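# Secondary and tertiary structure notes
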Amino acid sequence: MEVYHVSYPNHLFKNETNDAYALAIGFFDGVHTGHQAVIQEALYKGKERNIKTAVMTFDPHPSLVLGGRKEQIFYITPLEQKIEVLKELQVDAVFVVRFTSDFARLTPAEFIESFIKQANVKHVTAGFDFSFGAFGKGTMEDMEQLSEGKYTVTVVGKQELSGEKISSTRIREELKAGNMENVKELLGRPFMLSGVVVHGDKRGRTIDFPTANIQPTEGQFTPATGVYAVKIRVQEKWYYGVCNVGYKPTFNNPDEKRLSIEVHIFDFNQSIYGEEVVVHWYKRIRSEQKFNGIDELKAQITKDKLVAIDYFGQA
Ligand SMILES: Cc1cc2nc3c(=O)[nH]c(=O)nc-3n(C[C@H](O)[C@H](O)[C@H](O)COP(=O)(O)O)c2cc1C
Ligand SMILES: Nc1ncnc2c1ncn2[C@@H]1O[C@H](COP(=O)(O)OP(=O)(O)OP(=O)(O)O)[C@@H](O)[C@H]1O
């Protein structure tokens with residue numbers, strides 16, 4: 001899969017590629033099942049017409065530029081992970097458009113000229129609510145009307161789960177609540193968090209539950225605090241585990257708000273500091289609690305482990 005980075009006005013498509021494309025457009029944070037329907041439609045059209053399939057996405061999130069947001073944005077799938085998921089969907093190319101204020105000022109017609117027609121796009125698919133161009137004024141009807149016969153358009157209808165639209169916003173809310181089973185259903189795969197194993201307080205081994213402390217890749221959304229049943233990939237192998245996201249109130253002063261993500265990996269006793277790992281999140285088991293000492297905490301983690309084993313035994 002090719003990845004092209006394009007930006008307006010300096011670096012456009014002209015010399016990038018001569019291939020013709022069926023294109024799916026959107027921000028696609030999460031590449032959830034609603035997004036997958038849009039991308040599958042592009043894949044279908046690409047096959048039908050014997051042309052390549054591409055996904056156009058933007059970076060950073062438009063709200064950072066349009067909303068004048070100063071704080072960091074947290075993504076369900078940071079760009080690199082989004083690209084990985086798109087690769088698995090068998091897309092031929094990804095166009096990553098730099099979302100700048102200059103880009104945001106383009107009229108719908110200008111956007112189409114520079115980013116659709118000049119990119120040799122022969123078919124466009126997007127969802128029913130996709131909007132583009134300055135103030136988001138361009139609709140999918142405009143997309144069709146401005147085509148001048150140079151490309152065709154399909155609009156994918158609203159994909160729903162339990163009567164509500166599947167959306168990135170909805171998934172962020174579910175992550176904030178720790179509802180990982182719902183997240184899994186909406187994404188069509190478990191939520192993934194990648195990061196590096198860093199040194200913790202080294203207390204874990206003294207309570208018989210050694211943990212890998214994970215420093216997440218920058219810009220990733222972290223689920224609600226609490227204890228979770230997870231799978232973790234270490235050096236190409238998958239293991240089961242229990243993960244605590246929180247502040248360890250049993251040991252730490254509640255004012256010390258340093259969030260930690262740590263996984264006790266089952267049947268594992270290697271030193272993995274500095275390793276890159278990926279955590280897949282399945283189920284929230286309970287909230288983090290302040291215990292009266294180590295014995296109570298140990299007894300609870302033993303129970304958490306049984307809940308996770310039981311969950312995976314049935315999953
Ligand atoms: C499954 C699991 C559940 C945990 N639950 C709690 C908890 O409810 N309250 C708490 O204070 N710490 C909890 N912890 C965190 C432990 O206190 C922590 O692993 C221990 O202090 C070791 O920290 P260290 O790795 O920084 O040395 C939990 C850890 C794990 C692995
Ligand atoms: N549930 C859905 N059904 C059909 N199309 C969808 C759905 N969700 C998103 N799309 C389409 O997928 C593309 C990417 O959309 P976008 O990234 O805005 O997703 P979103 O999930 O709606 O995000 P947000 O919650 O931030 O509005 C757009 O073309 C959009 O119209």
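Residues numbered from 1 in each chain as written. Chains lettered and ligands numbered in written order. Predicted model: local features only at pLDDT ≥ 70, side-chain atom pairs only at ≥ 80, totals over all residues. Heavy atoms only, no water.

### Quick look at the site of ligand 1
Here is the rule: The nearness test applies per residue and asks whether one of its heavy atoms lies within 4 Å of the molecule or strand. We call two N or O atoms a polar contact when they sit within 3.5 Å, provided that within protein one can donate a hydrogen and the other can accept it, with sequence-adjacent residues counted only if both atoms are side-chain atoms. Only the protein chains shown count as cover for residues, and the accessible areas themselves come from Shrake-Rupley with a 1.4 Å probe. Working definition: helices are DSSP H or I runs of at least four residues, strands are E runs of at least two. Numbering for both runs from the N terminus.
Lining the immediate surroundings of ligand 1 are 23 residues, of which D201, R203, K248, T250 and Q289 lie closest. A distance of 2.9 Å is found between an oxygen atom of ligand 1 and a side-chain nitrogen or oxygen belonging to R286. About the coverage of ligand 1: the protein hides 99% of its 620 Å² of free accessible area. Contributions of two or more residues to the shell around ligand 1 are made by β12 (237-246), β13 (260-265) and α9 (294-314). Per-element tally for the shell around ligand 1: the top contributor is α9, with 3 residues.

### Overview of a negative patch on the surface
As a reminder of what qualifies: Patch membership needs two things, relative accessible area over 30% and no salt bridge, and members are linked within 9 Å if like-charged or within 5 Å if nonpolar (Val, Leu, Ile, Met, Phe, Trp, Tyr). Criterion for a salt bridge: a side-chain nitrogen of Lys or Arg within 4 Å of a carboxyl oxygen of Asp or Glu. In this tally, Lys and Arg are treated as positive and Asp and Glu as negative; His is ignored, and so are the chain termini. Think of each charge as sitting on NZ of Lys, CZ of Arg, CG of Asp or CD of Glu.
A cluster of like negative charges, contributed by E80, E84, E88 and E276, occupies part of the molecular surface. Counting residues per element, the negative patch draws most heavily on helix α3 (residues 79-88), which supplies 3 residues. With respect to the secondary-structure elements, E88 resides in helix α3.

### Remarks on the environment of P223
This is how the line gets drawn: Relative accessibility thresholds used throughout: buried, under 20% of the residue-type maximum; exposed, over 50%; partly exposed, between the two (1.4 Å probe, protein chains only). Contacts are assigned to residue pairs that have any heavy atoms within 4.5 Å of one another.
Structurally, P223 can be placed in the loop between β10 (212-216) and β11 (226-234). A relative accessible area of 3% means that P223 is categorised as buried. In the structure, P223 is positioned 46 residues away from A177 in sequence and 7.4 Å away in space, judged by C-alpha atoms. Apart from residues no more than four positions distant in its own chain, P223 is found in contact with L175, M180, F191, Y228, V245 and W281.

### Quick word on the packing of helix α7 (residues 168-177) against helix α8 (residues 180-187)
When two helices pack together, their arrangement is given by the angle between their axes and by how far apart the axes lie. Applicable threshold: Lines fitted to the C-alpha atoms define the axes, with helices restricted to the stretch that makes contact. Angles between their N-to-C directions range from 0 to 180 degrees. Here is the rule for angles: anything less than 35 degrees is roughly parallel, anything more than 145 is roughly antiparallel, 65 through 115 is roughly perpendicular, and the remaining ranges are oblique. By convention the crossing between two helices is left-handed if the near helix lies anticlockwise of the far one by an angle smaller than a right angle, and right-handed if it lies clockwise.
Where α7 meets α8, the axes come as close as 8 Å, and the angle between the chain directions of the two elements is 155 degrees. When the axes of α7 and α8 are compared, the pair comes out roughly antiparallel. The two elements α7 and α8 cross, and the hand of that crossing is left-handed. Facing R170, I171, E174 and L175 of α7, the residues of α8 in contact are M180, N182, V183, L186 and L187.

### Quick notes on the environment of D129
Following the sequence through the fold, D129 ends up in the loop between β5 (121-127) and α6 (140-145). On a C-alpha basis, the gap between D129 and V155 in space is 8.9 Å, while along the polypeptide they are 26 residues apart.

### So, α8
Residues three or four positions apart in an α-helix share a direction because the helix packs 3.6 residues into each turn. Applied cut-off: Directions drawn from the helix axis to the C-beta atoms are what define this arc.
Here α8 has its buried residues at M180, V183, L186 and L187. Here the buried residues of α8 occupy an arc of 120 degrees about the axis, which is enough to place them on one side. Turning to α8, the residues buried within the fold contact α1 (33-49), β7 (160-161), α7, β9 (191-198), β11 and β14 (276-286).

### Regarding the pairing of strand β4 (residues 93-98)
The following threshold applies: The pairing criterion for strands is at least two bridges between them, as found by DSSP.
The buried fraction of β4 amounts to 5 of the 6 residues, a majority that puts the element mostly inside the structure. Both strand β1 (residues 2-6) and β4 contribute to a ladder of 5 bridges, which runs parallel. Within the sheet, the bridge partner assigned to V6 lies in β4 and is V97.

### Structural notes on the domain arrangement of the chain
Put simply, the rule reads: The domain boundaries here were taken from an automatic or database domain assignment. The buried area of a pairing is the accessible area, by a 1.4 Å probe, that goes missing from both parts when the two are put together, added over both.
According to the domain assignment, the chain contains domain 1 (2-165) and domain 2 (190-314). The distance between the C-alpha centroids of domain 1 and domain 2 comes to 36 Å. Taken together, the 8 residues of domain 1 in the interface contact 6 residues of domain 2. Regarding the contact of domain 1 and domain 2, the summed buried area is about 630 Å², with carbon and sulfur atoms giving 57% of it.

### A closer look at the site of ligand 2
Heads up, the rule is: For this classification, Asp, Glu, Lys and Arg are treated as charged, while Ala, Val, Leu, Ile, Met, Phe, Trp, Tyr, Cys and Pro are nonpolar and the rest, including Gly, are polar.
Around ligand 2 there are 20 residues in total, and H32, D129, K165, S168 and T169 lie nearest to it. Between an oxygen atom of ligand 2 and a main-chain N or O atom of I25, the distance comes to 2.9 Å. Within the contact set of ligand 2, an oxygen atom lies 2.9 Å away from a side-chain nitrogen or oxygen of H35. Elements with a minimum of two residues in the shell around ligand 2: α1, β5 and α7. Among the residues forming the shell around ligand 2, the class breakdown is 8 nonpolar, 9 polar and 3 charged.

### Examining the sheet that holds β5
Whether parallel or antiparallel, the strands of a sheet pair through hydrogen bonds between backbone atoms. Pairing is parallel across the open sheet formed by 6 strands, whose spatial order is β1-β4-β3-β2-β5-β6. Every other strand in the sheet has two partners, leaving β1 and β6 (152-156) as the edge strands with one partner each. Across the sheet, the axes of successive neighbouring strands diverge by a mean angle of 25 degrees, strand direction being ignored. Running at roughly 160 degrees to β5, α1 makes contact with β2 (21-25), β3 (52-59), β5 and β6 of the sheet. Seen against the sheet, α3 touches β1, β3 and β4 and runs at an angle of roughly 165 degrees to β3.

### Let's talk about the pattern of salt bridges
The tally for this structure, following the rule as stated, stands at 13 salt bridges. Between D29 and R172 there is a salt bridge, with the nearest N and O atoms lying 2.7 Å from each other. One end of the pair, D29, is in the loop between β2 and α1; the other, R172, is in helix α7, with 143 residues separating them in the sequence. Note on accessibility: D29 and R172 belong to one class, buried. Between K248 and E262 there is a salt bridge, with the nearest N and O atoms lying 3.8 Å from each other. Of this pair, K248 sits in the loop between β12 and β13 while E262 is found in strand β13, placing the two residues 14 residues apart along the sequence. Owing to a relative accessible area of 14%, K248 belongs among the buried residues under this scheme. A cluster of three or more residues bridged by salt bridges with shared partners is formed by K117, E148 and K150.

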